[in-house]
Amino acid sequence: MSSNGPTGKEGNGGTDGGGGGCGKSDCGCVSRRTVMKGVGATLGTAAFARAIAPLTEWAANISADEFLQRHYKELSLVDLNIVLRRLEKETKDDYGAEVTISDPKPQEGVKFGYALNLSVCNGCRKCAEACHIENNHDRPSHQSYIRVFEMQKGTMDMEQGNVNYDKPVPQPDKFYMPVQCQQCEHPPCVDVCPVEATWKEPDGIVVVDYNWCIGCRYCEAACPYHARRFNWTKPEIPKEEINPDQGYLSNRIRPQGTMEKCTFCLHRTRNGRLPACLEACPTGARVFGNLLDPKSEIRWVLEHKRVFILKEDLGLKPQFFYFFDS
Amino acid sequence: MSDLPPTSPVVPRPFSWRSFGRFLGNAALESLDGGKVFYVWMICLSAVFLVGANAWAVQVRDGMALTNMSDHVSWGLYIANFTFLVGLAAGGVMMVIPAYLYHDEEMHDIVIIGELLAIAAIIMSLMFVVCDLGRPDRFWHLLPPFGRLNFPVSMLSWDVIVLNGYLFINAYICAYLLYTRYLGLTPNPRWYVPFVFLSIIWAISIHTVTAFLYCGLGGRPFWNTALLAPRFLASAFVSGPAFIVLAIQVIRQAVGRHFGDGPIRTLVNIMRITILVNLLMVVSEVFTEFYTGGAHTSSGRYLYFGLHGHTELVPWIWCSVGLVIVAAGLLLSPSVFTNPWVLNTACVLAFIGIWIEKGMGLIIPGFVPSTLHEIVEYRPSAIEWKVTAGIWALGLILYTLFIKIAAGIFLNRTKLQALPDIQPAPAPAETPSISATS
Ligand code: SF4
Ligand code: SF4
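Below or above, wherever it landed, is the structure these notes cover. (Residues numbered from 1 in each chain as written. Chains lettered and ligands numbered in written order. Predicted model: local features only at pLDDT ≥ 70, side-chain atom pairs only at ≥ 80, totals over all residues. Heavy atoms only, no water.)

With that settled, the discussion passes to the overall build of chain B. From N to C terminus, chain B includes 16 helices and 0 strands. Against the compact-globule benchmark of 22 Å for 438 residues, chain B has a radius of gyration of 23 Å, which places it among compact chains. Overall, the C-alpha framework of chain B stretches about 80 × 55 × 40 Å when taken along its three principal axes. Counting all 438 residues of chain B, 61% fall into the buried class. Element-wise, carbon and sulfur atoms account for 72% of the exposed surface of chain B, whose accessible area totals about 16700 Å². The average position of the 23 basic charges and that of the 23 acidic charges among the side chains of chain B differ by 4 Å. (Helix = DSSP H or I, 4+ residues; strand = E, 2+ residues; numbered from the N terminus. Rg over C-alpha atoms; globule rule 2.2 N^0.38 Å. Buried < 20%, exposed > 50% of the residue type's maximum accessible area, 1.4 Å probe, protein only. Areas by Shrake-Rupley, 256 points an atom, 1.4 Å probe, with all protein chains shown as cover. Lys, Arg positive; Asp, Glu negative; His and termini not counted. Charge placed at Lys NZ, Arg CZ, Asp CG, Glu CD.)

Structure below.
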């Protein structure tokens, strides 16, 4: 006999049985049983150890420091620095690339907003491509935080949209609608996370601590905009393609088994630069800026254009807006 | 062993951690003795379990890409089984209610069969959650004070709490009842009846909270319905009793005693109602989905009829509907009380039917079409099937052992083995040890 789940129990039973059995054994059968049990327990344990051997290989890649790392919000500046250096070293060891991982903080008086002009977007997918490169996405899966939908003119029904279009763009009877994280004011993805691994920063950006996420994917189920991506496997990126300018909460290479999402390129935008998708857009369809600054371009767009937000009925108050030229 | 002076065997032994430890040891020992059938059964289950354990280890090492889940269908077979098993655990309470609320004496004697089922089912459901995690090594992030449990905002944190609570309540009740019997004492109602009532409320709560996991998501119209929690309960109160009815019959065979006709009758009467309530709720959901139509019903259309040529789930769900209807017919026929074949077929069909409906039939359509109306289908990969089979095998191993422990104590077998505890020289004629034939 060999039951492997309760091997611990078997051990107990075995020893106890030895004692109890001897006391009253009047024939050989009890001790034969005990012997059989011992053999069974040993075989079972050995088989179990073999079965879960891949776990040991995997655990060997997780350092004690990584395992014990505290939540981002609990790290002191000193701790954070140690973590950043460790992550840089891990990237070097795993991918062979020299990178700098920083942690730019949100600025006072800034709340980021993004607007996209559907009248001019031509569906070229340059933004999705730029995201793929900027954010160190897994190469084989062509991952990107942006999905561009080819929509039928005459309807806003997404059911008639198509992301896998392959005709030259723009098609005369279509318009194009890129969708990415809408940085909701009331983000359901944050509410559902059982371990507070994702939260909304003061400047409006919803971030994930990739070293705290347990990979339950509840947030992915909760997000109504299909904005979250899971690292189903360890990201593969050739060394020379790695973007070395990385942020802890944004584009550093994510560990296997954790959730990731668009961060409005916070490693750029918190340092006064524009998101990569905006810079890549050849049509000027994208407008990014500070919603709290009355003189910003985004404020001008929100005040003067015909603006709508996606799935407004859900009441999540996205900070991502779509508009048409009037 | 002989630290106590010899006393009369009728003097009940007082509680001590030492004797409790010896009780556990004896119980474990007892549970591992058995006939050929028992060993064959256990070895087969162990083999399946090993395959599953290996598949899981590989999945953790190489990433969840080995499953067929995707960013579109981000939960699959694991969460489907998890949901079903929470129901099974809650369904165990359908023995507890007649036993304690309606003082059904015969049910009272074997209510532990249902409580032990709840324990095994909760353990399995927790294992399914762990297997679904991308980072099981970070499990401790859930555990305060070092972790950060997002309570009370996240429904998943509620679920973690209620599931573990239910596990502990049932484990306590079972351990208390078995241990007192083992000591030769009469269980003191003060020490367990309050917990029994707590477990009744708690059983409802585990399944309700699990339903809230899904129906709280505004972006997924298929789940976002108030009917979800009641439907969960109705189906749980079919699958739980169905399993228990089958278990009672297997146990009767194994211990060679006939018992439980009255309880089986009660359980069948419960199922007759709950299975109809369940069907009624299915009909009312289907009506709402199809009569109104519109985009928010596309998941329902996908499930029952397929959407734009994507029909992966259609055979599953019709199979489930068919099984449940046939089971309902069998349960309602009078021969269910006279012909064990009718009864057993009904239970098996109902169990499988609900497993599909509360598993794949509930989880997958929530993701198809996706929130941006893309259609990506899902069919579990070999790894997922292996892990699933492994967890079920472990659950059955545990349940078998639990039942053997309980049977040993209730039939006064383990108790005899334990006598050295107070009697240094046990009578030689005491142990026709165990002879459970399967
Ligand atoms: S769009 Fe999705 S991921 Fe982004 S904040 Fe909203 S719910 Fe979260
Ligand atoms: S996948 Fe990660 S971020 Fe998302 S809910 Fe689970 S733990 Fe939180």
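From this point, the discussion proceeds with the structure in view.
With respect to the secondary-structure elements, Asn339 of chain B resides in the loop between α12 (314-332) and α13 (340-358). A distance of 2.8 Å separates a polar atom in the side chain of Asn339 of chain B from the backbone nitrogen of Trp341 of chain B. (Polar contact = N/O pair within 3.5 Å; in protein donor to acceptor, adjacent residues only side chain to side chain.)

To continue, consider the pairing of strand β10 (residues 286-290) of chain A. Regular strands place side chains that alternate from one sheet face to the opposite one. All names here are of chain A. Most of β10 sits inside the fold, with 5 of its 5 residues counted as buried. As paired strands, strand β2 (residues 112-117) and β10 are joined by 5 bridges and run antiparallel to one another. Directly across from Gly113, in β10, lies its bridge partner Gly289. (Pairing = 2+ DSSP bridges.)

Now for the packing of aromatic side chains. Each pair of aromatic rings is reported with the distance of its centres and the angle of its planes. The final tally for this structure, using the stated rule, is 46 aromatic pairs over all chains. Relative to Phe49 of chain B, the ring of Phe48 of chain A has its centre 5.8 Å away and its plane inclined at 10°; by these criteria the two rings are stacked. Taken as a pair, Phe48 of chain A in helix α2 (residues 28-51) and Phe49 of chain B in helix α2 (residues 36-62) lie in two separate chains rather than in one. Overall, Phe49 of chain B belongs to the buried group, its relative accessible area being 8%. Positioned above the aromatic ring of Phe230 of chain A, the side-chain terminus of Arg217 of chain A is 5.1 Å from the ring centre. (Phe/Tyr/Trp six-rings, centres within 6.5 Å; stacked < 30°, edge-to-face > 60°. Lys NZ or Arg CZ within 6 Å of the ring centre and 35° of its normal.)

In this section: the packing of helix α3 (residues 77-91) of chain B against α13 of chain B. Residue and element names in this part refer to chain B. Two numbers describe how α3 lies on α13: the axes approach to 8 Å, and their chain directions differ by 130°. Our classification of the angle between α3 and α13 gives oblique. Along this stretch, α3 crosses α13, giving a crossing that reads as right-handed. Contacts between α3 and α13 involve Ala80, Asn81, Thr83, Phe84 and Leu88 on the former and, on the latter, Phe351, Ile354, Trp355 and Lys358. Within the contact of α3 with α13, the residues separate by chemical class into 6 nonpolar, 2 polar and 1 charged. (Axes fitted to C-alpha atoms, helices over the stretch in contact; angles between N-to-C directions. Parallel < 35°, antiparallel > 145°, perpendicular 65-115°, else oblique. Left-handed = near helix turned anticlockwise from the far one by under 90°. Contact = heavy atoms within 4.5 Å. Nonpolar A, V, L, I, M, F, W, Y, C, P; charged D, E, K, R; others polar.)

Our focus in this paragraph is the interface of chain A and chain B. Interface size is commonly expressed as the accessible surface area that is lost when the partners come together. With 73 residues of chain A in contact, the opposing surface of chain B contributes 73 residues. Summed over both partners, the interface of chain A with chain B comes to about 6400 Å²; 59% of that surface belongs to carbon and sulfur atoms. Inspection of the chain A/chain B interface yields 6 salt bridges. A salt bridge links Glu196 of chain A to Arg148 of chain B; its shortest N-O distance comes to 2.8 Å. Here chain A and chain B share 34 residue pairs in polar contact (both at pLDDT 80 or more) between them. (Buried area = accessible area lost by both parts, 1.4 Å probe. Salt bridge = Lys/Arg side-chain N within 4 Å of Asp/Glu carboxyl O.)

The next point concerns the site of ligand 1. What surrounds ligand 1 is a group of 14 residues, the closest being Cys181, Gln182, Cys184, Cys189 and Cys223 of chain A. Considering only residue class, the shell around ligand 1 consists of 10 nonpolar, 2 polar and 2 charged. (Near = heavy atom within 4 Å.)

Time to look at the pattern of salt bridges. Under the criterion given, the structure shown has 31 salt bridges over all chains. Arg268 of chain A is the partner of Glu134 of chain A in a salt bridge, and the nearest nitrogen-oxygen pair spans 3.1 Å. With Glu134 of chain A in helix α6 (residues 126-134) and Arg268 of chain A in helix α9 (residues 266-269), the pair connects residues that are 134 residues apart, well separated along the chain. Exposure class is identical for Glu134 of chain A and Arg268 of chain A. Each is buried. Put simply, Glu312 of chain B and Arg379 of chain B hold a salt bridge, and the shortest N to O gap is 2.7 Å. Placement of Glu312 of chain B in the loop between α11 (298-305) and α12 and of Arg379 of chain B in the loop between α14 (360-363) and α15 (382-410) is noted, with a sequence separation of 67 residues between them. Put simply, Arg70, Glu74 and Glu196 of chain A together with Arg148 of chain B are held in one network by salt bridges that share partners.

Okay, the side chain of Thr400 of chain B next. Looking at the element boundaries, Thr400 of chain B is found in helix α15. Among all residues touching Thr400 of chain B, those that are not within four sequence positions of it are Phe38, Trp41 and Met42 of chain B.

Turning our eyes to something else, we now look at empty space enclosed by the protein. All names here are of chain B. Here the structure, examined in full by the defined rule, presents 8 cavities of 30 Å³ or more. Taken together, 13 residues line the largest cavity, and the ones lying closest to its centre are Phe222, Arg231, Glu285, Leu303 and Tyr304. When contributions to the lining of the largest cavity are tallied by element, the ones reaching two or more residues are α9 (228-255), α10 (261-292), α11, α13 and α14. (1 Å grid on protein atoms, 1.4 Å probe; cavity = no way out; pocket = protein on both sides within 12 Å on 5 of 7 lines; lining within 4 Å. Points joined across faces, edges and corners; volume = space filled by probe spheres on them.)

Another aspect to go through is the environment of Asn150 of chain B. You can see Asn150 of chain B is positioned in the loop between α6 (112-132) and α7 (155-183). Exposure remark for Asn150 of chain B: the relative accessible area of 9% places this residue in the buried category. Contact partners of Asn150 of chain B, with chain neighbours within four places excluded, come to Val190, Asp191, Cys193, Pro194, Val195 and Glu196 of chain A together with Ser157 of chain B. Only 2.7 Å separates the side chain of Asn150 of chain B from the backbone oxygen of Cys193 of chain A, close enough to count as a polar contact.

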